[in-house]
Amino acid sequence: SSGINAECPLRPGACCVISAASLIMVASAHHYGLTIFGVVLASISSGFGEVTFLAMTSHFEKSVITSWSSGTGTAGILGASLYLLFTQFLTPSQTIYLMLIVPTAELLTYWLLLVRPATFNEGSDGFKPLLPEADSGGDNDSLQEASSPPPAVEYHPVVAALIKLLRNLKELSYYVFSLMLVYFSEYTINQGLFEVLCYGSFQLNMTKQYKIYQVLYQVGVTISRSSASLIHFRQVHIFSILQCVNLIIFALEARYAFIPSIYITFVLIFWEGLLGGACYVNAFYRIYQEVPHKDREYALGLVSCSDSTGITLAGIVSFPIHNAICQYRKSRAPPICFK
């Protein structure tokens, strides 16, 4: 059985070290390039941590998927809310330095508090399979067996790994593309449109309005990511389609400013968070349910890369979209929006 091997003891440590390095670099940087590099490190830590810890959930009971999803959503709320709170009396740099407690607590939790199940094998001689190969018997319902090349054909290890990856991607394509699309839509909104959604009649300037947007979005994400213990959805593509509709609405609002009240936008942003969180938790919950145990770790880790791919694509298209809309709106928006 092949897997992501999240049980490697070095991986959680690497995630936490990279996360701490990113915080220190952003907080202390006096050059724009170093700040960007710190953000890149934070992104690497986030992606590396997600594929590590999400794959790790395959060793636990299925309720852990909901707990994981709820925890990631709560982290978003805490991050946005605490930054909004602490920057009222601390500088942004001081606030970021204070956040170093997070990777420290994460590492201590992994080493001191986590109770490892029997299948969570750690050894000094490297990775071990999740289940003994002898136990598989005639079981032919695993992703690995279903996607392995015919035994008569010999492949170079790199080619064999690529073939396996592509065939497993095909089997999991429904979840891969649903997550990719929903994250592409919502992060195009968050990265390309939020900063030009400004309402001069509101008592707060653009910067503070943006912070409120982030908090509302994270609240919606957390609520929906915590919902799998109460309600499940099999058709996760519905959330992706609805998020695309959201993207269209926000793009039109950023361009034409037709929504009369910021409070309507608040509701739409909250709805955006609900859709993204629901797609996330239900996709991984269905994978946990449908994929056999010995391939579950690989499947969870593989599909977890799809949201990062959607976010990356959103970041690429957000630059021209944001710049074009901002230039159009700047000459027409209330002055408060550009203070």
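Residue indices begin from 1 for each chain and proceed along its sequence in written order. Since the coordinates come from a predicted model, pLDDT governs what is reported: local features require at least 70, and pairs of side-chain atoms require 80 or more to be given and counted, while whole-chain, interface and lining totals use all residues. To obtain the side-chain values, all non-hydrogen atoms of the structure were used and water was disregarded.

S.K.: In this structure, what is going on with the packing of aromatic side chains? I would like to understand it.
M.R.: Only rings of Phe, Tyr and Trp enter the pairing, Trp through its six-membered ring, and a pair is recorded when the two centres are within 6.5 Å. The plane angle decides the type: under 30 degrees is stacked, over 60 is edge-to-face, the rest tilted. By the definition in use, this model includes 12 aromatic pairs. Ring plane angle 65° and centroid distance 6.3 Å describe the contact between Y183 and Y280, whose orientation is recorded as edge-to-face. Taken together, the positions of Y183 in helix α8 (residues 173-193) and Y280 in helix α11 (residues 262-290) put the pair 97 residues apart, joining distant regions of the chain. Exposure remark for Y183: the relative accessible area of 3% places this residue in the buried category. Strands here mean DSSP runs of E at least two residues long; helices mean DSSP runs of H or I at least four residues long; both are numbered from the N terminus. When accessible area is computed with a 1.4 Å probe and restricted to protein chains, residues below 20% of their type maximum are described as buried, those above 50% as exposed, and intermediate ones as partly exposed.

S.K.: Sorry, what's going on with a nonpolar patch on the surface here?
M.R.: Among the surface-exposed residues, Y32, I36, F37, V40 and I44 lie close enough to one another that they form a single nonpolar patch of about 500 Å² accessible area. Tracing the backbone shows F37 in helix α2 (residues 32-56). Like-charged residues within 9 Å of one another, or nonpolar side chains (Val, Leu, Ile, Met, Phe, Trp, Tyr) within 5 Å, are grouped into patches, provided each residue has over 30% relative accessible area and no salt bridge. Where accessible areas are quoted, they stem from the Shrake-Rupley method and a 1.4 Å probe; at the residue level, only the protein chains shown are allowed to cover. Salt bridge criterion: a side-chain nitrogen from Lys or Arg within 4 Å of a carboxyl oxygen from Asp or Glu.

S.K.: Help me out: how do you make sense of the state of the cysteines in this one?
M.R.: Any covalent bond linking the sulfur atoms of two cysteines counts as a disulfide. When the sulfur atoms of two cysteines come within 2.5 Å, that pair is taken as a disulfide. Counted by the stated rule, this structure contains zero disulfides. C16 takes part in no disulfide bond, and the closest cysteine sulfur, belonging to C15, lies 6.5 Å away.

S.K.: Honestly, α2 in this entry has me stumped. Any pointers?
M.R.: Along an α-helix, residues three or four positions apart point the same way, because every turn accommodates 3.6 residues. In this scheme, a helix's expected span is set at 1.5 Å multiplied by one less than its residue total. The end-to-end C-alpha distance of α2 is 36 Å, a good match for the 36 Å that 25 residues give at a rise of 1.5 Å each. Within α2, burial applies to G38, L41, S45, G49, E50, V51, T52, F53, L54, A55 and M56.

S.K.: Would you mind showing me how to read the pattern of salt bridges here?
M.R.: Opposite charge on two side chains permits them to pair, given that their charged atoms come into close proximity. Applying the stated criterion across every chain, the model contains two salt bridges. The residue R234 makes a salt bridge to E290 at a minimum N-O spacing of 3.9 Å. Highlighted residues: R234 in the loop between α9 (206-225) and α10 (237-256) and E290 in helix α11, separated in sequence by 56 residues. The exposed category is assigned to R234, whose relative accessible area is 52%. Given the relative accessible area of 40%, E290 is considered partly exposed. Two residues, E290 and R286, come together in a salt bridge whose shortest N-O distance is 3.5 Å. Taken as a pair, E290 and R286 lie in helix α11 at a separation of four residues, close to a single helical turn. You can call R286 buried: its relative accessible area is 10%. Connected through salt bridges with shared partners, the residues R234, R286 and E290 form a single ionic network.

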